[in-house]
Amino acid sequence: MVLIRAKQVREKVKILDDIIKEYKELNPQRKRDYKKYEAEFRRRLKEAIKNLDELINESIKNLNYFSKNENKHSLPLAKRMRLILIKELTEKGNRKTANLLDLFSMLNGIDISYKTVERLYSDDKIILGLHNLFILILNKRGVKNIDACGDATGYSLTITKHYSAYVQKLKDKSKEQIGKMKCFVYKFALMDLKSKMYVCYGSSLKSEKEAFDKAMQMLENIDVKLKSIRLDRYYSFPCYVNQFKNSKVFIIPRKNVELANGFKWHETLKEFLLNTMEYLREYFQRNNSEAGWASDKKMFGWKINQKREDRIDTSLFVKAVWHNLLLLYN
(Lines give C-alpha, C1' and ligand atoms only; values in the text may rest on other atoms or scores of the structure.)
Protein backbone atom coordinates (compact mmCIF):
# COMPACT_ATOMS: atom_id res chain seq x y z
CA MET A 1 0.00 0.00 0.00
CA VAL A 2 1.42 3.39 -1.06
CA LEU A 3 1.15 6.08 1.61
CA ILE A 4 0.86 9.72 0.60
CA ARG A 5 1.00 12.99 2.54
CA ALA A 6 -1.21 16.04 2.36
CA LYS A 7 1.84 18.19 1.58
CA GLN A 8 2.46 16.15 -1.58
CA VAL A 9 -1.10 16.66 -2.78
CA ARG A 10 -1.00 20.40 -2.02
CA GLU A 11 2.26 20.74 -3.98
CA LYS A 12 0.65 19.00 -6.97
CA VAL A 13 -2.39 21.30 -6.76
CA LYS A 14 -0.06 24.35 -6.85
CA ILE A 15 1.24 23.35 -10.29
CA LEU A 16 -2.09 22.00 -11.52
CA ASP A 17 -2.74 24.88 -13.91
CA ASP A 18 0.44 24.05 -15.80
CA ILE A 19 -0.45 20.35 -15.86
CA ILE A 20 -3.94 21.12 -17.18
CA LYS A 21 -2.45 23.38 -19.87
CA GLU A 22 -0.18 20.53 -20.98
CA TYR A 23 -3.09 18.09 -20.87
CA LYS A 24 -5.24 20.31 -23.12
CA GLU A 25 -2.40 20.69 -25.61
CA LEU A 26 -2.10 16.91 -25.80
CA ASN A 27 -5.90 16.45 -25.94
CA PRO A 28 -7.34 19.25 -28.12
CA GLN A 29 -11.12 19.63 -28.10
CA ARG A 30 -12.88 18.46 -31.24
CA LYS A 31 -14.95 21.04 -33.11
CA ARG A 32 -18.63 20.30 -33.63
CA ASP A 33 -20.06 20.02 -37.14
CA TYR A 34 -23.12 22.22 -36.60
CA LYS A 35 -24.72 21.38 -39.95
CA LYS A 36 -24.60 17.69 -39.10
CA TYR A 37 -25.76 18.42 -35.53
CA GLU A 38 -28.85 20.32 -36.73
CA ALA A 39 -29.82 17.55 -39.15
CA GLU A 40 -29.42 14.94 -36.42
CA PHE A 41 -31.44 17.08 -33.98
CA ARG A 42 -34.35 17.30 -36.46
CA ARG A 43 -34.29 13.53 -36.96
CA ARG A 44 -34.33 12.78 -33.22
CA LEU A 45 -37.09 15.32 -32.58
CA LYS A 46 -39.33 13.81 -35.26
CA GLU A 47 -38.76 10.32 -33.82
CA ALA A 48 -39.59 11.54 -30.31
CA ILE A 49 -42.80 13.21 -31.47
CA LYS A 50 -43.85 10.15 -33.48
CA ASN A 51 -43.45 7.85 -30.45
CA LEU A 52 -44.60 10.24 -27.71
CA ASP A 53 -48.17 8.93 -27.33
CA GLU A 54 -47.00 5.32 -27.16
CA LEU A 55 -44.43 6.14 -24.45
CA ILE A 56 -46.93 8.17 -22.42
CA ASN A 57 -49.50 5.38 -22.53
CA GLU A 58 -46.89 2.82 -21.47
CA SER A 59 -45.72 5.00 -18.57
CA ILE A 60 -49.21 5.37 -17.06
CA LYS A 61 -50.85 2.02 -17.84
CA ASN A 62 -50.16 0.63 -14.34
CA LEU A 63 -50.33 3.92 -12.46
CA ASN A 64 -52.70 3.83 -9.48
CA TYR A 65 -53.28 7.02 -7.51
CA PHE A 66 -55.92 7.61 -4.84
CA SER A 67 -56.66 10.84 -3.02
CA LYS A 68 -59.65 12.02 -1.00
CA ASN A 69 -59.28 15.52 -2.43
CA GLU A 70 -58.51 14.56 -6.01
CA ASN A 71 -59.65 17.22 -8.50
CA LYS A 72 -61.84 16.34 -11.47
CA HIS A 73 -60.21 17.04 -14.82
CA SER A 74 -61.70 17.86 -18.18
CA LEU A 75 -58.80 16.02 -19.84
CA PRO A 76 -57.63 12.43 -19.26
CA LEU A 77 -54.16 11.93 -17.79
CA ALA A 78 -52.49 10.98 -21.10
CA LYS A 79 -53.66 14.22 -22.71
CA ARG A 80 -52.61 16.27 -19.66
CA MET A 81 -49.11 14.75 -19.82
CA ARG A 82 -48.94 15.39 -23.55
CA LEU A 83 -50.01 18.98 -23.02
CA ILE A 84 -47.39 19.80 -20.37
CA LEU A 85 -44.64 18.20 -22.46
CA ILE A 86 -45.69 20.16 -25.54
CA LYS A 87 -45.98 23.41 -23.59
CA GLU A 88 -42.42 23.18 -22.28
CA LEU A 89 -41.03 22.14 -25.64
CA THR A 90 -42.65 24.97 -27.60
CA GLU A 91 -42.13 27.77 -25.12
CA LYS A 92 -39.13 29.31 -26.85
CA GLY A 93 -37.62 29.71 -30.27
CA ASN A 94 -38.51 29.84 -33.97
CA ARG A 95 -36.03 27.03 -34.61
CA LYS A 96 -38.13 24.54 -32.65
CA THR A 97 -41.41 25.87 -34.02
CA ALA A 98 -40.25 25.18 -37.58
CA ASN A 99 -39.53 21.57 -36.59
CA LEU A 100 -42.72 20.99 -34.59
CA LEU A 101 -45.53 21.19 -37.15
CA ASP A 102 -46.36 17.51 -36.58
CA LEU A 103 -46.56 18.09 -32.84
CA PHE A 104 -49.31 20.72 -32.98
CA SER A 105 -51.65 18.23 -34.64
CA MET A 106 -51.59 16.28 -31.36
CA LEU A 107 -53.54 19.10 -29.66
CA ASN A 108 -56.63 18.80 -31.86
CA GLY A 109 -59.82 18.79 -29.83
CA ILE A 110 -58.22 20.33 -26.72
CA ASP A 111 -59.96 23.53 -25.57
CA ILE A 112 -58.82 24.67 -22.12
CA SER A 113 -58.10 27.80 -20.12
CA TYR A 114 -54.78 29.29 -19.04
CA LYS A 115 -55.48 28.27 -15.43
CA THR A 116 -55.93 24.66 -16.47
CA VAL A 117 -52.48 24.72 -18.04
CA GLU A 118 -50.99 26.27 -14.89
CA ARG A 119 -52.51 23.54 -12.70
CA LEU A 120 -50.78 20.86 -14.78
CA TYR A 121 -47.56 21.77 -12.97
CA SER A 122 -48.98 20.81 -9.57
CA ASP A 123 -50.99 17.78 -10.71
CA ASP A 124 -49.74 14.80 -8.67
CA LYS A 125 -50.82 12.29 -11.32
CA ILE A 126 -48.84 14.12 -13.99
CA ILE A 127 -45.76 14.23 -11.76
CA LEU A 128 -46.03 10.47 -11.13
CA GLY A 129 -46.56 9.87 -14.84
CA LEU A 130 -43.52 11.98 -15.72
CA HIS A 131 -41.42 10.03 -13.21
CA ASN A 132 -42.56 6.75 -14.78
CA LEU A 133 -41.80 8.12 -18.25
CA PHE A 134 -38.32 9.20 -17.10
CA ILE A 135 -37.59 5.69 -15.74
CA LEU A 136 -39.13 4.01 -18.80
CA ILE A 137 -36.78 5.92 -21.14
CA LEU A 138 -33.74 4.93 -19.07
CA ASN A 139 -34.84 1.28 -19.12
CA LYS A 140 -35.41 1.29 -22.88
CA ARG A 141 -31.88 2.62 -23.39
CA GLY A 142 -30.43 0.06 -20.94
CA VAL A 143 -29.00 2.61 -18.50
CA LYS A 144 -28.07 0.46 -15.47
CA ASN A 145 -24.39 0.35 -14.42
CA ILE A 146 -22.85 3.59 -15.53
CA ASP A 147 -19.91 5.94 -15.57
CA ALA A 148 -21.36 9.32 -14.65
CA CYS A 149 -20.64 13.02 -14.40
CA GLY A 150 -22.55 15.57 -12.38
CA ASP A 151 -22.97 19.32 -12.34
CA ALA A 152 -25.43 22.04 -11.40
CA THR A 153 -26.71 25.01 -13.31
CA GLY A 154 -29.17 27.82 -12.67
CA TYR A 155 -32.31 28.99 -14.41
CA SER A 156 -33.51 32.56 -14.09
CA LEU A 157 -36.84 33.36 -12.47
CA THR A 158 -36.76 36.90 -13.87
CA ILE A 159 -35.86 38.33 -17.26
CA THR A 160 -33.63 40.97 -15.65
CA LYS A 161 -30.85 38.56 -14.62
CA HIS A 162 -29.13 35.91 -16.74
CA TYR A 163 -27.58 33.10 -14.67
CA SER A 164 -24.27 32.56 -16.49
CA ALA A 165 -23.57 36.31 -16.81
CA TYR A 166 -24.38 36.84 -13.13
CA VAL A 167 -22.16 33.93 -12.03
CA GLN A 168 -19.27 35.37 -14.04
CA LYS A 169 -19.76 38.74 -12.36
CA LEU A 170 -19.81 37.32 -8.83
CA LYS A 171 -17.18 34.64 -9.53
CA ASP A 172 -16.35 32.66 -6.37
CA LYS A 173 -19.10 34.30 -4.29
CA SER A 174 -21.83 33.26 -6.72
CA LYS A 175 -22.78 30.01 -4.99
CA GLU A 176 -23.56 31.71 -1.71
CA GLN A 177 -25.07 34.97 -2.94
CA ILE A 178 -27.33 33.63 -5.66
CA GLY A 179 -29.09 31.30 -3.23
CA LYS A 180 -30.11 34.27 -1.08
CA MET A 181 -31.60 36.31 -3.91
CA LYS A 182 -34.46 34.08 -5.11
CA CYS A 183 -33.70 35.24 -8.67
CA PHE A 184 -32.49 31.83 -9.77
CA VAL A 185 -33.28 28.18 -9.20
CA TYR A 186 -30.52 25.58 -8.96
CA LYS A 187 -30.75 22.31 -10.85
CA PHE A 188 -28.32 19.41 -10.32
CA ALA A 189 -28.28 16.28 -12.47
CA LEU A 190 -26.14 13.18 -12.91
CA MET A 191 -25.49 12.18 -16.52
CA ASP A 192 -24.62 8.76 -17.96
CA LEU A 193 -21.48 9.31 -20.05
CA LYS A 194 -22.39 6.66 -22.62
CA SER A 195 -25.96 7.68 -23.46
CA LYS A 196 -25.66 11.33 -22.28
CA MET A 197 -28.99 10.84 -20.47
CA TYR A 198 -29.76 12.25 -17.04
CA VAL A 199 -30.26 9.51 -14.45
CA CYS A 200 -31.40 11.67 -11.53
CA TYR A 201 -31.98 15.32 -10.79
CA GLY A 202 -32.88 17.75 -8.03
CA SER A 203 -33.79 21.42 -7.84
CA SER A 204 -33.73 24.06 -5.13
CA LEU A 205 -34.39 27.76 -4.65
CA LYS A 206 -31.98 27.75 -1.68
CA SER A 207 -28.67 26.16 -2.65
CA GLU A 208 -26.80 23.89 -5.01
CA LYS A 209 -26.21 21.54 -2.07
CA GLU A 210 -29.94 21.05 -1.55
CA ALA A 211 -30.40 20.35 -5.27
CA PHE A 212 -27.56 17.79 -5.06
CA ASP A 213 -29.10 16.12 -1.99
CA LYS A 214 -32.47 15.77 -3.74
CA ALA A 215 -30.77 14.22 -6.76
CA MET A 216 -29.03 11.69 -4.50
CA GLN A 217 -32.37 10.82 -2.89
CA MET A 218 -33.79 10.12 -6.34
CA LEU A 219 -30.74 8.00 -7.23
CA GLU A 220 -31.35 5.80 -4.18
CA ASN A 221 -34.84 4.96 -5.45
CA ILE A 222 -34.05 3.98 -9.03
CA ASP A 223 -32.31 0.93 -10.46
CA VAL A 224 -29.10 2.65 -11.58
CA LYS A 225 -25.64 1.99 -10.09
CA LEU A 226 -22.56 4.19 -10.46
CA LYS A 227 -19.22 2.66 -11.44
CA SER A 228 -17.59 6.11 -11.41
CA ILE A 229 -18.54 9.75 -10.97
CA ARG A 230 -16.95 13.12 -11.87
CA LEU A 231 -17.80 16.29 -9.91
CA ASP A 232 -16.46 19.87 -9.98
CA ARG A 233 -14.53 21.65 -7.23
CA TYR A 234 -17.67 22.63 -5.36
CA TYR A 235 -17.83 18.96 -4.28
CA SER A 236 -14.12 18.62 -3.41
CA PHE A 237 -14.82 17.71 0.20
CA PRO A 238 -14.65 14.33 1.98
CA CYS A 239 -18.36 14.47 2.86
CA TYR A 240 -19.25 14.27 -0.84
CA VAL A 241 -16.56 11.81 -1.94
CA ASN A 242 -17.30 9.42 0.93
CA GLN A 243 -20.95 9.21 -0.17
CA PHE A 244 -19.89 7.15 -3.19
CA LYS A 245 -18.31 4.21 -1.39
CA ASN A 246 -18.78 1.77 -4.29
CA SER A 247 -17.87 4.19 -7.08
CA LYS A 248 -14.62 5.63 -8.32
CA VAL A 249 -14.68 9.39 -7.72
CA PHE A 250 -12.87 12.08 -9.72
CA ILE A 251 -12.62 15.57 -8.22
CA ILE A 252 -10.00 18.33 -8.24
CA PRO A 253 -8.57 18.83 -4.70
CA ARG A 254 -8.55 22.27 -3.10
CA LYS A 255 -5.36 24.11 -2.20
CA ASN A 256 -5.75 23.47 1.55
CA VAL A 257 -6.58 19.77 1.18
CA GLU A 258 -6.18 17.44 4.18
CA LEU A 259 -5.92 13.65 4.27
CA ALA A 260 -7.39 12.41 7.57
CA ASN A 261 -10.93 11.85 6.31
CA GLY A 262 -11.29 8.14 5.65
CA PHE A 263 -10.09 5.50 3.22
CA LYS A 264 -12.20 6.61 0.22
CA TRP A 265 -10.93 10.18 0.41
CA HIS A 266 -7.34 8.97 0.78
CA GLU A 267 -7.59 6.64 -2.24
CA THR A 268 -9.12 9.37 -4.41
CA LEU A 269 -6.30 11.80 -3.61
CA LYS A 270 -3.69 9.08 -4.12
CA GLU A 271 -5.02 8.42 -7.62
CA PHE A 272 -4.87 12.16 -8.37
CA LEU A 273 -1.29 12.42 -7.08
CA LEU A 274 0.25 9.32 -8.66
CA ASN A 275 -1.60 9.15 -12.01
CA THR A 276 -2.40 12.79 -12.67
CA MET A 277 -2.68 12.80 -16.49
CA GLU A 278 -4.91 9.71 -16.62
CA TYR A 279 -6.91 11.09 -13.69
CA LEU A 280 -7.49 14.36 -15.60
CA ARG A 281 -8.54 12.42 -18.70
CA GLU A 282 -11.30 10.86 -16.62
CA TYR A 283 -12.15 14.04 -14.73
CA PHE A 284 -12.60 16.21 -17.82
CA GLN A 285 -15.35 13.97 -19.10
CA ARG A 286 -17.35 16.07 -16.64
CA ASN A 287 -17.53 18.61 -19.49
CA ASN A 288 -20.39 16.48 -20.85
CA SER A 289 -22.57 17.88 -18.07
CA GLU A 290 -21.80 21.45 -19.12
CA ALA A 291 -22.52 20.55 -22.75
CA GLY A 292 -25.83 19.03 -21.66
CA TRP A 293 -26.87 22.19 -19.82
CA ALA A 294 -25.87 24.32 -22.82
CA SER A 295 -27.94 22.14 -25.14
CA ASP A 296 -30.95 22.25 -22.79
CA LYS A 297 -30.84 26.03 -22.52
CA LYS A 298 -30.50 26.42 -26.28
CA MET A 299 -33.61 24.30 -26.63
CA PHE A 300 -35.75 25.56 -23.72
CA GLY A 301 -34.24 28.94 -22.86
CA TRP A 302 -32.68 30.06 -19.57
CA LYS A 303 -35.83 31.33 -17.84
CA ILE A 304 -38.51 29.49 -15.84
CA ASN A 305 -41.96 31.04 -16.17
CA GLN A 306 -43.53 29.36 -13.13
CA LYS A 307 -43.77 31.15 -9.76
CA ARG A 308 -44.62 28.47 -7.18
CA GLU A 309 -41.75 26.29 -6.01
CA ASP A 310 -43.51 23.00 -6.78
CA ARG A 311 -44.37 24.19 -10.28
CA ILE A 312 -40.81 25.39 -10.88
CA ASP A 313 -39.61 21.90 -10.00
CA THR A 314 -42.11 20.29 -12.39
CA SER A 315 -41.03 22.61 -15.21
CA LEU A 316 -37.39 21.59 -14.70
CA PHE A 317 -38.36 17.91 -14.57
CA VAL A 318 -40.21 18.16 -17.89
CA LYS A 319 -37.02 19.57 -19.43
CA ALA A 320 -35.07 16.59 -18.09
CA VAL A 321 -37.63 14.18 -19.56
CA TRP A 322 -37.33 15.85 -22.98
CA HIS A 323 -33.53 15.77 -22.78
CA ASN A 324 -33.64 11.98 -22.33
CA LEU A 325 -36.50 11.45 -24.78
CA LEU A 326 -34.50 13.02 -27.61
CA LEU A 327 -31.51 10.82 -26.80
CA LEU A 328 -33.63 7.66 -26.88
CA TYR A 329 -33.46 7.84 -30.69
CA ASN A 330 -29.78 8.80 -30.90
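(A) Expanded view of the overall build of the protein. The number of helices and strands found in the protein is 16 helices and five strands. Burial analysis of the protein (330 residues in total) assigns 50% to the buried set. When contacts within the protein are restricted to residue pairs at least 6 apart in sequence, long-range pairs at least 24 apart make up 72% of them. Of the roughly 17700 Å² that the protein leaves accessible, carbon and sulfur atoms contribute 49%.

(B) Focus on the side chain of Lys264. As for its placement among the helices and strands, Lys264 is situated in helix H13 (residues 263–274). One buried charge, Lys264, has no salt-bridge partner; the nearest side chain with opposite charge is Glu267, at 8.5 Å. Here Lys264 is in contact with Val241, Asn242, Phe244, Lys245, Ser247, Lys248 and Val249, once residues within four sequence places are set aside.

(C) Region of interest: the confidence of the model for the protein. On average, residues of the protein score 86 in pLDDT, and 83% of them reach the 70 mark or higher. This stretch, residues 176–181, has a pLDDT under 50; its non-local contacts, to residues over four places away or in other chains, come to 12 contacts.

(D) Region of interest: the sheet that holds strand E1 (residues 145–156). The five strands lie next to each other as E3-E2-E1-E4-E5, forming an open sheet whose pairing is mixed. Because the sheet does not close on itself, it has two edges, and the strands there are strand E3 (198–204) and strand E5 (248–250). For this sheet the average axis-to-axis angle between neighbouring strands, irrespective of direction, equals 25 degrees. Of the strand pairs in this sheet, E1 and strand E4 (residues 225–230) are connected by five bridges, and their pairing is parallel. Within E4, the residue paired with Cys149 across the bridge is Arg230. The strands touched by helix H14 (residues 276–283) are E4 and E5; relative to E5, the strand with the most contacts, the crossing angle is about 90 degrees.

(E) Representation of helix H8 (residues 124–141). Compared with the 26 Å implied by 1.5 Å per residue over 18 residues, the 26 Å span of H8 between its first and last C-alpha is a close match. For H8, the full list of buried residues reads Ile126, Gly129, Leu130, Leu133, Phe134, Leu136, Ile137 and Leu138. Looking at the buried side of H8, the elements it contacts are helix H3 (34–60), helix H4 (77–89), E3, helix H11 (208–220) and helix H16 (309–327). Its side-chain oxygen placed 2.9 Å from the backbone nitrogen of Lys125, Asp123 serves as the N-cap of H8.

(F) Layout of unusual backbone geometry. With a phi angle near 65 degrees, Lys196 is a residue other than glycine that sits in the positive phi range. Here Lys196 lies in the loop between strand E2 (184–192) and E3.

(G) Quick peek at the nonpolar core. Core analysis: the largest hydrophobic core is formed by 100 residues, its most contacted members being Leu85, Phe188, Leu190, Met216 and Trp322. Of the residues forming this core, the biggest block, 10 residues, is contributed by H16.

(H) Just the packing of H3 against H8, in detail. It is the contact of H3 with H8, at a shortest axis distance of 8 Å, that shows an interaxial angle of 110 degrees. Judged on the interaxial angle alone, H8 and H3 are roughly perpendicular. Note on packing geometry: the crossing formed by H3 with H8 is right-handed. Here Leu55, Ile56, Glu58, Ser59 and Ile60 of H3 lie close against H8, whose contacting residues are Gly129, Asn132, Leu133, Leu136 and Lys140. When grouped by side-chain class, the residues that make up the contact of H3 with H8 number five nonpolar, three polar and two charged.

(I) Molecular detail of the environment of Lys140. Mapped onto the elements of the fold, Lys140 is located in helix H8. When the C-alpha positions of Lys140 and Leu328 are compared, they lie 7.7 Å apart, and in sequence the two are 188 residues distant. Those residues within four positions of Lys140 in sequence are excluded, and the remaining contacts are Leu55, Glu58 and Leu328. In terms of polar contacts, Lys140 uses its side chain to reach the side chain of Glu58, at 3.5 Å.

Parameters and conventions
Residues numbered from 1 in each chain as written. Predicted model: local features only at pLDDT ≥ 70, side-chain atom pairs only at ≥ 80, totals over all residues. Heavy atoms only, no water. Helix = DSSP H or I, 4+ residues; strand = E, 2+ residues; numbered from the N terminus. Buried < 20%, exposed > 50% of the residue type's maximum accessible area, 1.4 Å probe, protein only. Contact = heavy atoms within 4.5 Å. Areas by Shrake-Rupley, 256 points an atom, 1.4 Å probe, with all protein chains shown as cover. Lys, Arg positive; Asp, Glu negative; His and termini not counted. Salt bridge = Lys/Arg side-chain N within 4 Å of Asp/Glu carboxyl O. pLDDT = per-residue confidence, 0-100. Pairing = 2+ DSSP bridges. Axes fitted to C-alpha atoms, helices over the stretch in contact; angles between N-to-C directions. Expected span 1.5 Å × (residues − 1). Polar contact = N/O pair within 3.5 Å; in protein donor to acceptor, adjacent residues only side chain to side chain. Core = buried A, V, L, I, M, F, W, Y, C linked by side-chain atoms within 4.5 Å. Parallel < 35°, antiparallel > 145°, perpendicular 65-115°, else oblique. Left-handed = near helix turned anticlockwise from the far one by under 90°. Nonpolar A, V, L, I, M, F, W, Y, C, P; charged D, E, K, R; others polar.

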